[in-house]
Amino acid sequence: MREAMAAAPVGDDVYGDDPTVNALQQHAAELFGFEAALFAPSGTQTNLIALLVHCGRGDEYLVGQEAHTFRYEGGGAAVLGSIQPQPIANQPDGSLLLADIATQIKPRDIHFARTTLLALENTIGGKVLPAAYVAQATALAHERGLATHLDGARICNAAVAQGIDLRAAVAGFDSVSVCLSKGLGAPVGSILCGSRAFVEEGKRWRKMLGGGMRQAGTIAAAGLHALRHNVARLAEDHANAAFLADALQGIGGIAVSTPQTNIFYVDVPPAHCAGLAEALSAAGIRVSMAPRLRLVTHLGVTRAQLRTVADVFTTYFKH
Ligand SMILES: *Cc1c(COP(=O)(O)O)cnc(C)c1O
């Protein structure tokens, strides 16, 4: 990846003439089955651009309580877009009930914000929304005149876990945001896919948000490399998460969730949080405990390192 970055030809992407950015955008559009794609510095920005293109001032979007766009993006849609979120409770499997989606679509009446968009996230907290559910939810949205956006920061994990191709995993969505810098291993960047008109409009918002980049081919090359080489190997991360969860499951006193992809959670009794964090830290493993201990496997983590993690847990809970 570093070699690809060093060798990348560059231009000026604000003028649309950086060949590597253009190659990345074209490759991503094809891979995910869209007319066009836009490269931006972060997933927060690609999600925000999507919301700004889909929704106008005083519109609302339906979104999960646990969704990244609602919970972890600083309220950007409201602050910068005057877009009102209508949060809906996520079910334990990460989905939004179709009945809840239907109930929250407001009638066209001057009392209500205009409901214009359904935004889903896949994977959400490492959980996979199955393609059959996604088909139902997006069909419901479209029947009621809403557009659909996928926060697919980790959609490649969802596709690999289900054994389906990327196009099938994003079917039903009018736009999709994909992080190149999570499991795919690029240093920076996200991709936003949509129709040609959607991406043209998105380019305007990207510039306004400060995401227009100049000689960006150097980082686009990393994203291109990631999409070409690091998607299928996500299965390794999933197997590694299963391996570590399995190793931790036998330990008394903690509750370990079953990973569906590369993320899982461990509930540690409050009395043990500081002590466990200290034991892990002494072994060179840094964790955050609040609100829950979240473990994420990725291409920078080896099976041998996971054995060390499991050993520290086991030793700590022995006494
Ligand atoms: C990481 C992530 C994003 C975007 O994060 P950035 O750090 O802004 O790139 C969006 N949604 C989900 C689900 C994520 O995991």
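Residues numbered from 1 in each chain as written. Predicted model: local features only at pLDDT ≥ 70, side-chain atom pairs only at ≥ 80, totals over all residues. Heavy atoms only, no water.

Under the Sequence similarities (unreviewed entry) heading, UniProt states for the chain: "Belongs to the threonine aldolase family." Under the heading Cofactor (unreviewed entry), UniProt records this for the chain: "pyridoxal 5'-phosphate". (UniProt positions renumbered as here; feature names shortened; annotations may be inferred.)

Between Asn122 and Thr123 the backbone carries a cis peptide bond, its omega angle lying at 0°. By the secondary structure assignment, Thr123 is in the loop between strand 4 (114–121) and helix 7 (131–143). Its identity is not glycine, yet Ser82 carries a phi of approximately 55°, on the positive side. Looking at the secondary structure, you find Ser82 in the loop between helix 5 (76–81) and strand 3 (84–88). The class of Ser82 is partly exposed, set by a relative accessible area of 35%. (Helix = DSSP H or I, 4+ residues; strand = E, 2+ residues; numbered from the N terminus. Buried < 20%, exposed > 50% of the residue type's maximum accessible area, 1.4 Å probe, protein only.)

Counting 52 residues, the largest nonpolar core has Phe32, Phe39, Ile101, Leu118, Ile155 and Cys156 as its most contacted members. It is helix 11 (residues 217–229) that contributes the most residues to this core, six residues altogether. Setting aside anything within four residues of it in sequence, one finds Cys156 in contact with Phe32, Leu166, Val178, Leu184, Val231 and Leu234. If you look at the next biggest cluster of nonpolar residues, it comprises 25 residues, including Val268, Ile285, Val301 and Val309. (Core = buried A, V, L, I, M, F, W, Y, C linked by side-chain atoms within 4.5 Å. Contact = heavy atoms within 4.5 Å.)

Okay, the packing of aromatic side chains next. Within this structure, the stated rule accounts for one aromatic pair. Ring geometry for Tyr316 versus Phe317: centroids 4.9 Å apart, planes at 85°, classification edge-to-face. For Tyr316, a relative accessible area of 18% puts it in the buried group. Since its relative accessible area comes to 17%, Phe317 is described here as buried. Above the ring of Phe243, the side-chain terminus of Arg303 is found at 4.3 Å from the ring centroid. (Phe/Tyr/Trp six-rings, centres within 6.5 Å; stacked < 30°, edge-to-face > 60°. Lys NZ or Arg CZ within 6 Å of the ring centre and 35° of its normal.)

As recorded in UniProt, the sites labelled "domain: Aromatic amino acid beta-eliminating lyase/threonine aldolase" (unreviewed entry) are residues 1–268. Summarising residues 1–268: 43% helix, 17% strand, and an end-to-end C-alpha distance of 37 Å.

Turning next to the pairing of strand 5 (residues 147–151). With five of five residues buried, strand 5 lies mostly within the body of the structure. Burial along strand 5 is two-sided: Ala147, His149 and Asp151 facing one way and Thr148 and Leu150 facing the other are all buried. Read as a crossover between parallel neighbours, the route from strand 4 over helix 7 to strand 5 is right-handed. Examined bridge by bridge, strand 5 and strand 6 (residues 175–179) share three bridges and lie parallel to one another. Residue pairing in the sheet places His149 in a bridge with Ser175 of strand 6. (Right-handed = clockwise from strand over helix to strand, strands pointing away. Pairing = 2+ DSSP bridges.)

Attention now goes to the pattern of salt bridges. Opposite charge on two side chains lets them pair, provided their charged atoms get close. Applying the stated criterion to the full structure yields nine salt bridges. As a salt-bridge pair, Glu66 and Arg71 come within 3.8 Å of each other at their nearest N and O atoms. Assessed through its relative accessible area of 40%, Glu66 is described here as partly exposed. The exposure class assigned to Arg71 is partly exposed, which follows from its relative accessible area of 44%. Via salt bridges that share partners, Arg233, Glu236 and Asp237 belong to a single interconnected network. (Salt bridge = Lys/Arg side-chain N within 4 Å of Asp/Glu carboxyl O.)

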